[in-house]
Amino acid sequence: MAITKIQSESLNLSDNYDFTGTVTGAGGVMTPAFCAERNGDQGISYSVRTTVKFNNEIFDSSNAYSTTSGTFTPQVAGKYYISANCQLTSSQNDILNYSFIELYKNSSVVTESVHNNLNNPGKIDNHTVIAIVDMNGSTDNVSIQAFINVAAGGYTAAIRDMSTFQAYKIIE
Amino acid sequence: MGTIKTTNIETITGSGTLTIGQSGETINIPSGCTITNNGTQTGFGGTMTPAFHVSLSAIQQTTDLATTKVQFDTESFDTDNCFDNSTNYRFTPTVAGKYFIYTSLSCRSDSTNQLVNLRTYIYKNGSELIKSIGTDFRTNNGYQTLNYTGAMIEMNGSTDYIEFFARVDHQGGTNGGVDAGSYAGAYKIIE
């Protein structure tokens, strides 16, 4: 008679077990995860906070990132490693006074990167933000906002092509 | 078909191995049960390897505006010997999956007030995949700058490889280099 069930009040696995078949439900996975980038510059008005639209997905394991809204809304609760790298540029040399990017969770700033060149304005600032953010797995979302201040009106500004935004879940 | 109710299962003394199930079948742990592991386990979950972290041991000279492969020559660790730190300076992971890849480059001009900007590139299979432009001083030239970038990239676990490049723009065609201590690394994420 074949035995199909072993039932115990407490199964103590004090021996060594080597699983070489398929195991599900053990350990954990680092998904949802995604990586997206800017494909082409995104023009923005100076001195106006603007959501960065990383419009090209390199991958998106769980379809949790929206290229339309620029938001990542994972449907699995947990803590996520989130980072972004953005290059903010002015249209002319030596007019970029200061700039920053902010990592938003819902409507609150989690962290930011600021460059202030007021006495020595340049053309491009490079920003990186990194944080581990607790997400509720339903409504919580994160996004990147950018801001550029230039020396005078009449110029344009942009978020550069190939700026990136990515996240993955950490295993707890 | 039957059920064994017991509190302890042990291997026969000397055998050391307890086999549960066989190929093609499923061992089910019902919802609400808890497995407490006080021993050693292998094969469960996943690992975040291959992984590596490398750096430059000395400044690497670059030519103005030339896109130059960064020759990371010092390994802090390289779990699966997937990074070549002596010939091609590339990461060729032998496990398919998605990898978080990062690099931080610091560069300088040969003299002060000559640096315009630094571009950092991550190449996949010889082609530019990620580009990050560091602070652009333009005509208000600087001397040193730092540029960090990271991205997650899918690798096929056999032929795909990653390399890191730098392009330093100096005023008036002077030269400079990528500083010692610049670094790069990667690790596999568990899916």
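This text goes with the structure placed above it.
The rules behind these values
- Residues numbered from 1 in each chain as written.
- Chains lettered and ligands numbered in written order.
- Predicted model: local features only at pLDDT ≥ 70, side-chain atom pairs only at ≥ 80, totals over all residues.
- Heavy atoms only, no water.
- Helix = DSSP H or I, 4+ residues; strand = E, 2+ residues; numbered from the N terminus.
- Contact = heavy atoms within 4.5 Å.
- Salt bridge = Lys/Arg side-chain N within 4 Å of Asp/Glu carboxyl O.
- Buried < 20%, exposed > 50% of the residue type's maximum accessible area, 1.4 Å probe, protein only.
- Pairing = 2+ DSSP bridges.

A. A look at the environment of A51 of chain B. Residues and elements named next belong to chain B. Mapping A51 onto the fold places it in strand β4 (residues 51–55). Residues A51 and K98 lie 47 residues apart in sequence; the distance between their C-alpha atoms is 12 Å. Once you skip the residues sitting within four places of it in the chain, A51 turns out to touch F77, D78, T79, D80, A186 and Y187.

B. Examining the pattern of salt bridges more closely. Residues and elements named next belong to chain B. Using the criterion set out here, one finds 9 salt bridges over all chains in the structure. Ionic pairing is found between K69 and E163, a salt bridge with its closest N-O pair at 2.7 Å. Residue K69 is found in strand β6 (residues 68–69), and its partner E163 is found in strand β12 (residues 162–170); the two are separated by 94 residues along the sequence. Of the charged contacts, one joins E163 and R90 as a salt bridge, the two residues approaching to 3.2 Å between their closest N and O atoms. Taken together, the residues E163 in strand β12 and R90 in the loop between β7 (74–78) and β8 (97–109) connect sequence positions 73 residues apart. For E163, a relative accessible area of 4% puts it in the buried group. Sharing partners across several salt bridges, the network here consists of K69, R90 and E163.

C. Quick peek at the sheet that holds β12 of chain B. Residue and element names in this part refer to chain B. The strand order across the open sheet formed by 4 strands is β6-β12-β9-β10, and the pairing between neighbours is antiparallel. The two strands at the open ends of the sheet, each matched to only one other strand, are β6 and β10 (127–133). Note that strand β9 (residues 115–124) and β10 share 6 bridges and pair antiparallel. Residue pairing for β10: R119 is matched across the bridge by I133.

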